[in-house]
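Residue strings, one per chain:
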Amino acid sequence: LRKLEEGHLTVRRTARYAMLGGGVQAPGEVWWVLHGYRQLARRFLRRFAPLDDGTRRLVAPEGLSRFYVDAPGGRHGPEARVGASWMTREDRLHEIRDYVTYLNRLRRLLGVAGAMETVLGFSQGVATAVRWVVQGRVRPARLVLWGDTLPPDVDAAALGRALRDSELLLVRGASDPAIEAQRVARERVILVEAGLEARIVTFDGGHEIHPPTLLELARSGSGG
């Protein structure tokens, strides 16, 4: 057999996002909320509707890869559920580069000069949020990592530099199966190496966006 060769080609494609508060004039805050695995932006953003009070712009980018989340086999009809993913391990470095580029462009389009920025990642969106902050152009006032730990491959020194002037919050449900002791221990090592202190927020629940906790974060972030 001849040697198989693999290459890469950069192409244009259409990315989707959902937004609340797009008509707010001069919002004081912009929230970038990054969904988890199998979720879609518009559905995820519904959880943040209580924050849409006329003072904020809330933007939910959607992962660039969509798929049917129902059990495989047979045809997928109009009732089949669809979800999105930020990446897989396959060709991961190009996947990361693509979504960081996408998020940078979306921020240029929808960001507001002078607004306080919060980047919130949920579940799979945690790793996406961290990589965007480290490799991208966003330097938020707050980085909220909800429902997962820091990705183990993050460069601690780069993370420390990126979050030098940011508040880091780790939000966890007390019964969240995604928060494993071994991963938490590894996260602590990264934070020490990065020279960062994180505020840990816990709630009585699982792998979910907990409305009372979300509202409390919003109040504390706006000084209310």
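Structural data are supplied above this passage.
Attention in this report is confined to the structure presented alongside it.

### Describing the pattern of salt bridges
Okay, so step 1: Scanning the model with the defined rule gives 13 salt bridges in all.
Okay, so step 2: In this structure, the salt-bridge partner of Glu 29 is Arg 56, at a minimum N-O distance of 3.2 Å. Of this pair, Glu 29 sits in strand E2 (residues 29–34) while Arg 56 is found in strand E3 (residues 56–61), placing the two residues 27 residues apart along the sequence.
Okay, so step 3: With a relative accessible area of 7%, Glu 29 lands in the buried category.
Okay, so step 4: Here Arg 56 falls in the buried class, since its relative accessible area comes to 5%.
Okay, so step 5: Between Arg 219 and Glu 216 there is a salt bridge; the shortest N-O distance is 3.0 Å. On the criterion of helical spacing, the pair formed by Arg 219 and Glu 216 is a turn pair, its members being three residues apart in helix H6 (residues 211–221).

### Thoughts on a nonpolar patch on the surface
Okay, so step 1: Together, Tyr 17, Met 19 and Leu 109 make up a nonpolar patch on the protein surface, roughly 270 Å² of accessible area in all.
Okay, so step 2: Looking at where Leu 109 falls in the secondary structure, it is placed in helix H2 (residues 92–110).
Okay, so step 3: You can call Leu 109 exposed: its relative accessible area is 56%.

### Side note on the side chain of Asn 104
Okay, so step 1: When you line up the elements, Asn 104 lands in helix H2.
Okay, so step 2: What makes Asn 104 buried here is its relative accessible area of 10%.
Okay, so step 3: What Asn 104 contacts, discounting residues up to four positions off in sequence, is Trp 132, Gly 136 and Arg 137.

### A look at the nonpolar core
Okay, so step 1: The biggest cluster of nonpolar side chains holds 38 residues, and the ones touching the most others in it are Trp 32, Val 119, Leu 143, Leu 145 and Leu 159.
Okay, so step 2: Contributions of two or more residues to this core are made by E2, H2, helix H3 (124–135), strand E7 (142–146), helix H4 (156–162), strand E8 (167–173) and helix H5 (181–194).
Okay, so step 3: The dominant element in this core, judged by the number of residues it contributes, is H2, at seven residues.

### What to know about unusual backbone geometry
Okay, so step 1: One non-glycine residue, Asp 91, lies in the positive phi region at around 55°.
Okay, so step 2: Positionally, Asp 91 belongs in the loop between strand E5 (82–85) and H2.
Okay, so step 3: One non-glycine residue with positive phi stands out, namely Ser 123, at about 55°.
Okay, so step 4: Summarising the element assignment, Ser 123 is placed in the loop between strand E6 (116–122) and H3.

### Side note on the packing of aromatic side chains
Okay, so step 1: Evaluated as defined, the whole model comprises six aromatic pairs.
Okay, so step 2: Ring centres 5.8 Å apart and planes at 75° place the aromatic pair Trp 86 and Tyr 99 in the edge-to-face group. Of this pair, Trp 86 sits in the loop between E5 and H2 while Tyr 99 sits in helix H2, placing them 13 residues apart in sequence. Each member of the pair, Trp 86 together with Tyr 99, is buried.
Okay, so step 3: Judged by centre distance (5.8 Å) and plane angle (50°), the rings of Trp 146 and Phe 203 are tilted. With Trp 146 in strand E7 and Phe 203 in strand E9 (residues 199–203), this pair connects stretches of sequence that are 57 residues apart.
Okay, so step 4: For Trp 146, a relative accessible area of 1% corresponds to the buried category.
Okay, so step 5: Note on Phe 203: relative accessible area 5%, which makes it buried.
Okay, so step 6: Every member of this aromatic cluster is reached through a ring pair, and the members are Phe 44, Phe 48 and Phe 122.

### Regarding the pairing of E9
Okay, so step 1: Taken together, the five bridges between E8 and E9 define a ladder with parallel strand orientation. Its bridge partner lying in E9, Leu 170 is registered against Ile 200.
Okay, so step 2: Taken together, E8, H5 and E9 constitute a β-α-β crossover, and its handedness is right-handed.

Conventions adopted
- Residues numbered from 1 in each chain as written.
- Predicted model: local features only at pLDDT ≥ 70, side-chain atom pairs only at ≥ 80, totals over all residues.
- Heavy atoms only, no water.
- Salt bridge = Lys/Arg side-chain N within 4 Å of Asp/Glu carboxyl O.
- Helix = DSSP H or I, 4+ residues; strand = E, 2+ residues; numbered from the N terminus.
- Buried < 20%, exposed > 50% of the residue type's maximum accessible area, 1.4 Å probe, protein only.
- Patch = residues over 30% accessible without salt bridge, like charges linked within 9 Å, V, L, I, M, F, W, Y side chains within 5 Å.
- Areas by Shrake-Rupley, 256 points an atom, 1.4 Å probe, with all protein chains shown as cover.
- Contact = heavy atoms within 4.5 Å.
- Core = buried A, V, L, I, M, F, W, Y, C linked by side-chain atoms within 4.5 Å.
- Phe/Tyr/Trp six-rings, centres within 6.5 Å; stacked < 30°, edge-to-face > 60°.
- Pairing = 2+ DSSP bridges.
- Right-handed = clockwise from strand over helix to strand, strands pointing away.

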